[in-house]
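The primary structure of each chain is shown beneath.
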Amino acid sequence: MYRRRDDPRGRMVADITNDLRRYSADAQHIGHAFANLHGLNPTDLQALIAVMEAELLGEPITPGRLGEQLNLSSGSVTALIDRLERAGHIRRDRDTADRRKVFLHYADQGAALAMSFFGPLGRRTDAVMARFTDEELAVVHRFLATMVASMREHRDAVRATRPESPRRAAD
């Protein structure tokens, strides 16, 4: 995507871009290994990540929001949630204020499987972060948050211009 440039900033930008690409590819390989180990497909894994991210933010996700994030029809989302619930990865909870609203949460069994598999990676991540000052981590966090926002904007733009697939049209 970026060609190495002659100036120092250009070389740094190219190096960072390559590092992000390698990190993304390696993270995908690890995610696929977890999915394969537990009989999950790529969409299942994306759904689990979305449920986890929502819980970490303290804003549990609804099936409708999950469908929007994954770009799935409501029937596909229902099948996905049913499959993940049967496998013990997630659970549905009704909103106490509005019983019509359903929130998705990690089930204890699913959380235990994820912790068992990803725990060693978490410890490695903690060890790497311990080598940086709070100020350095703040800059890294600001950079990554901005990159994530940019990537999601691009993802949404690509989705908006992509014609609907035959499978989605049939849903």
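You'll find the structure just up there.
Computed from a predicted structure; not experimentally measured.

A. The nonpolar core, seen in detail. With 21 residues, the main nonpolar core has Leu48, Ile61, Leu66, Leu80, Leu84, Ile90 and Leu104 as its most contacted residues. Within the residue set of this core, elements represented by two or more residues are helix H1 (8-37), helix H2 (42-56), helix H3 (63-70), helix H4 (74-86) and strand E2 (102-106). Of all the elements, H2 adds the most residues to this core, at six residues. Those residues in contact with Ile61, other than ones at most four positions away along the chain, are Ala50, Val51, Ala54, Leu66, Gln69, Val102, Phe103 and Leu104.

B. Focus on a nonpolar patch on the surface. On the surface, Met12, Ile16, Val140, Phe143, Leu144 and Met147 cluster together into a nonpolar patch covering about 490 Å² of accessible area. Secondary-structure elements contributing two or more residues to the nonpolar patch are H1 and helix H6 (134-161). Looking at the nonpolar patch, the element that brings in the most residues is H6, giving four residues. Relative to the helices and strands, Val140 resides in helix H6.

C. Spatial organisation of H4. Between the first and last C-alpha of H4 there are 18 Å, a value that for 13 residues agrees with the 18 Å anticipated at 1.5 Å per step. Among the residues making up H4, those that are buried are Ser76, Val77, Leu80, Ile81 and Leu84. Angularly, the buried residues of H4 cover 130 degrees about the axis, an arc narrow enough to put them on a single face. Those residues of H4 that are buried lie in contact with H2, H3, strand E1 (90-94) and E2. Looking one or two residues beyond H4, the residue adopting positive phi is Gly88, at roughly 85 degrees.

D. Summary view of the environment of Glu68. On the secondary structure map, Glu68 appears in helix H3. A relative accessible area of 52% places Glu68 in the exposed class. Sequence separation between Glu68 and Ala111 is 43 residues; the distance between their C-alpha atoms is 23 Å.

E. Seen up close, the environment of His32. For His32, the location among the structural elements is in helix H1. In sequence terms His32 and Ala97 are 65 residues apart; their C-alpha atoms lie 37 Å from each other. Leave out the neighbours within four places in its chain, and His32 touches Pro42 and Leu45.

F. The pattern of salt bridges, seen in detail. Counted by the stated rule, this structure contains nine salt bridges. One salt bridge in this structure joins Glu68 and Arg65, with 2.8 Å as the shortest N-O distance. Of this pair, Glu68 and Arg65 both sit in helix H3, three residues apart, which is roughly one turn of that helix. Between Asp82 and Arg92 there is a salt bridge, and its shortest N-O distance comes to 2.6 Å. Linking Asp82 in helix H4 with Arg92 in strand E1, this pair joins segments that are 10 residues apart in sequence. Through salt bridges with shared partners, one network takes in Asp82, Glu85 and Arg92.

Parameters at a glance
- Per chain, residue numbering runs from 1 following the sequence as it is written.
- The predicted origin of the model limits local features to residues at a pLDDT of at least 70 and limits the giving and counting of side-chain atom pairs to 80 or more, whereas totals for whole chains, interfaces and linings rest on all residues.
- Note: side-chain values were computed over all heavy atoms of the structure, leaving out hydrogens and water.
- Residues grouped as a nonpolar core are buried Ala, Val, Leu, Ile, Met, Phe, Trp, Tyr and Cys residues, joined through side-chain atoms within 4.5 Å.
- Note on classification: 1.4 Å probe, protein chains only; a residue is buried when its accessible area is under 20% of the maximum for its type, exposed when over 50%, partly exposed between these limits.
- Helical segments are the DSSP runs of H or I of at least four residues, strand segments are the runs of E of at least two, and each set is numbered from the N terminus.
- Here a residue-residue contact requires only that any non-hydrogen atoms of the pair lie within 4.5 Å.
- Nonpolar side chains (Val, Leu, Ile, Met, Phe, Trp, Tyr) within 5 Å and like charges within 9 Å form the patches, drawn only from residues with over 30% relative accessible area and no salt bridge.
- Here the Shrake-Rupley method, with its probe set to 1.4 Å, supplies the accessible areas, and only the displayed protein chains count as covering residues.
- Only one rule defines a salt bridge in this text: a Lys or Arg side-chain nitrogen within 4 Å of an Asp or Glu carboxyl oxygen.
- By definition here, a helix of n residues has an expected span of 1.5 Å times n minus one.
- Note that the arc is defined by the directions from the helix axis to the C-beta atoms.

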